[in-house]
Amino acid sequence: MNIKINENFSLIKENYLFSDVAKRVNEFSKANGGRNIIKMGIGDVTLPLSSVVVSALAQASVEMGKAETFRGYPPEYGYDFLREAIKRHYLERGVVLRMDEIFVSDGAKSDIGNIVDILGKNDILIPDPVYPVYSDSNLMSGNKISFVKGCGENGFLPSPVGVEEKPYVIYMCSPNNPTGATYDRRGLKEWVDFALATGSLIVFDSAYEYFISDDKPHSIFEIDGARDCAIEICSLSKTAGFTGTRCGWTVIPEELSAGETKLIKLWQRRQATKFNGVSYPVQRAAEAALSTEGLAACREQIAYYRKNAAMISAVLSEKGVYFTGGVNSPYVWLKCPNGMGSWEFFDHLLKNARIVGTPGEGFGEMGKGYFRLTAFSSYENTLAAVERLRKIL
Ligand code: MLT
């Protein structure tokens, strides 16, 4: 063919991190048999949807099968019933949103990737280590990226101190994927102040907010000034077990503008052209997940995963292995023992304990020598994994 392709794809790794992990596991399984492998790699949930969510999903599906209640294209920004439920969810945290600032999506990953559509050529600032979708999607668009470093000394919570003062699009994730480190109000305020002072935009990923068990902020909009500098992207994947059901949202405050142009207008336009909304049954399911009963079920599921995280953390403490996370997060982020590299430890763990984790360097340079385990396995598998870890650490 004589067409031109997006050459920027040559700047990203050949495979997405979790595809690489899956490939290595498949190769190992082919050579050694796949029995007894415990998967603690990708952050995919294992508990089924709660009964309140399943009832809503089932009832909405029945409605779709009757002429009187059938629905065609959903509104491109989401049904009002779900936007109302999301608005109420924020209000419980003292955050007041207008319904038209909420855009329902099929998950945080899509919107994190899509948001670059409404932004021009900007300097991008990304914490390292972090969810690789932020850097991959910006590299695909040919943007220049700088990293702020997370490390043991700053508890994997980099601050803007020392960052050159100019406008950036800043990506943040709190609780952080992969480290589980979570900003307190002061830490987030520093970033909001930096963004306001430099005319930067924060893209805040709050996908893990429901794991927060202390008084740390769940939303960037709990911080004064954030409405003037931040977009928030969230998802029900980890909160309500929607990794396979797919539903999330993006909040774009009305105030946000670049020059004369309101970002909300650009996003409305982008979504109307490129997105046809989330299916009616899934939006009803999401509404149910955010109801009082639904959120109680979410809390139960998160308590289950938190118990797994505590078991993983306990064996690491017992063995004197440095780690973060596991408290406000389903992820435990550990330093590979005996100076091993991330992929070296990945192979070691797979071979000697038949446990799959995620090599830290897949999340950035600062992840070299670190490793991520998820607490999203079943209790039984986590228990078995902990026994195996105890033997090999
Ligand atoms: C992860 O394991 O980091 C997440 O499951 C990936 C995602 O949410 O897309």
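What this report covers is the structure whose coordinates are included nearby. (Residues numbered from 1 in each chain as written. Predicted model: local features only at pLDDT ≥ 70, side-chain atom pairs only at ≥ 80, totals over all residues. Heavy atoms only, no water.)

**Focus on unusual backbone geometry**
The omega torsion of the bond from Ser-174 to Pro-175 falls at -5°, within 30 degrees of zero and hence cis. Mapped onto the elements of the fold, Pro-175 is located in the loop between β5 (168–173) and α6 (185–198). In this model, Asn-177 is joined to Pro-178 through a cis peptide bond whose omega is 20°. You can see Pro-178 is positioned in the loop between β5 and α6. A positive phi angle is found at Arg-246, which is not glycine, with a value near 70°. Its place among the elements puts Arg-246 in the loop between α7 (237–240) and β8 (248–251). A positive phi angle, near 55°, is found at Asn-338, a position not held by glycine. Assignment of secondary structure puts Asn-338 in the loop between β12 (331–335) and α11 (342–353). (Helix = DSSP H or I, 4+ residues; strand = E, 2+ residues; numbered from the N terminus.)

**Remarks on the pairing of β5**
With 6 of 6 residues buried, β5 is to be regarded as a mostly interior element. Going residue by residue along β5, you find Tyr-168, Ile-170 and Met-172 tucked away on one face and Val-169, Tyr-171 and Cys-173 tucked away on the opposite face as well. Here 3 bridges tie strand β3 (residues 123–128) to β5, and the two strands are oriented parallel to one another. Counterpart to Leu-125 in the pairing with β5 is Ile-170. Across 5 bridges, β5 lies against strand β6 (residues 201–205) in parallel orientation. Bridged to Met-172 within β6 is Phe-204. In the classification by handedness, the crossover that spans β5, the intervening α6 and the parallel β6 is right-handed. (Buried < 20%, exposed > 50% of the residue type's maximum accessible area, 1.4 Å probe, protein only. Pairing = 2+ DSSP bridges. Right-handed = clockwise from strand over helix to strand, strands pointing away.)

**Examining the pairing of strand β7 (residues 230–235)**
Remark: a regular strand shows side chains that alternate across the two faces of the sheet. Within β7, 6 of the 6 residues are buried, which leaves the element mostly enclosed by the surrounding structure. Taking every second residue as pointing to the same face, both faces of β7 are buried, with Ala-230, Glu-232 and Cys-234 on one and Ile-231, Ile-233 and Ser-235 on the other. Across 4 bridges, the pairing between β6 and β7 is parallel. In the strand pairing of β7, Asp-205 is matched with Ile-233.

**Thoughts on the sheet that holds β12**
Reading across from one edge, β11-β12-β15-β14 is the order of the 4 strands in this open sheet, with antiparallel pairing throughout. Only two strands of the sheet have a single neighbouring strand rather than two, namely β11 (323–325) and β14 (358–359). Of the strand pairs in this sheet, β11 and β12 are connected by 3 bridges, and their pairing is antiparallel. Across the sheet, residue Gly-325 finds its bridge partner in β12, namely Val-332. Sitting on the sheet, α11 touches β12, β14 and β15 (370–374), and the angle it makes with β15 is about 45°. (Contact = heavy atoms within 4.5 Å. Axes fitted to C-alpha atoms, helices over the stretch in contact; angles between N-to-C directions.)

**Quick word on the site of the ligand**
Looking at the ligand, the residues that line it are Phe-18, Ile-42, Gly-43, Tyr-131, Asn-177, Tyr-208, Lys-238, Tyr-331 and Arg-372. Between the ligand and the protein, one listed contact pairs an oxygen atom with a side-chain N or O atom of Lys-238 at 2.9 Å. When the ligand is considered free in solution it has 270 Å² of accessible area, and contact with the protein chains removes 85% of it. Looking at the shell around the ligand residue by residue, the class counts come to 5 nonpolar, 2 polar and 2 charged. A domain split of the shell around the ligand shows at least three residues from each of domain 1 (14–43 + 297–392) and domain 2 (51–292). (Near = heavy atom within 4 Å. Polar contact = N/O pair within 3.5 Å; in protein donor to acceptor, adjacent residues only side chain to side chain. Areas by Shrake-Rupley, 256 points an atom, 1.4 Å probe, with all protein chains shown as cover. Nonpolar A, V, L, I, M, F, W, Y, C, P; charged D, E, K, R; others polar. Domains from an automatic or database assignment.)

Shape is all these values report; function is a separate question.
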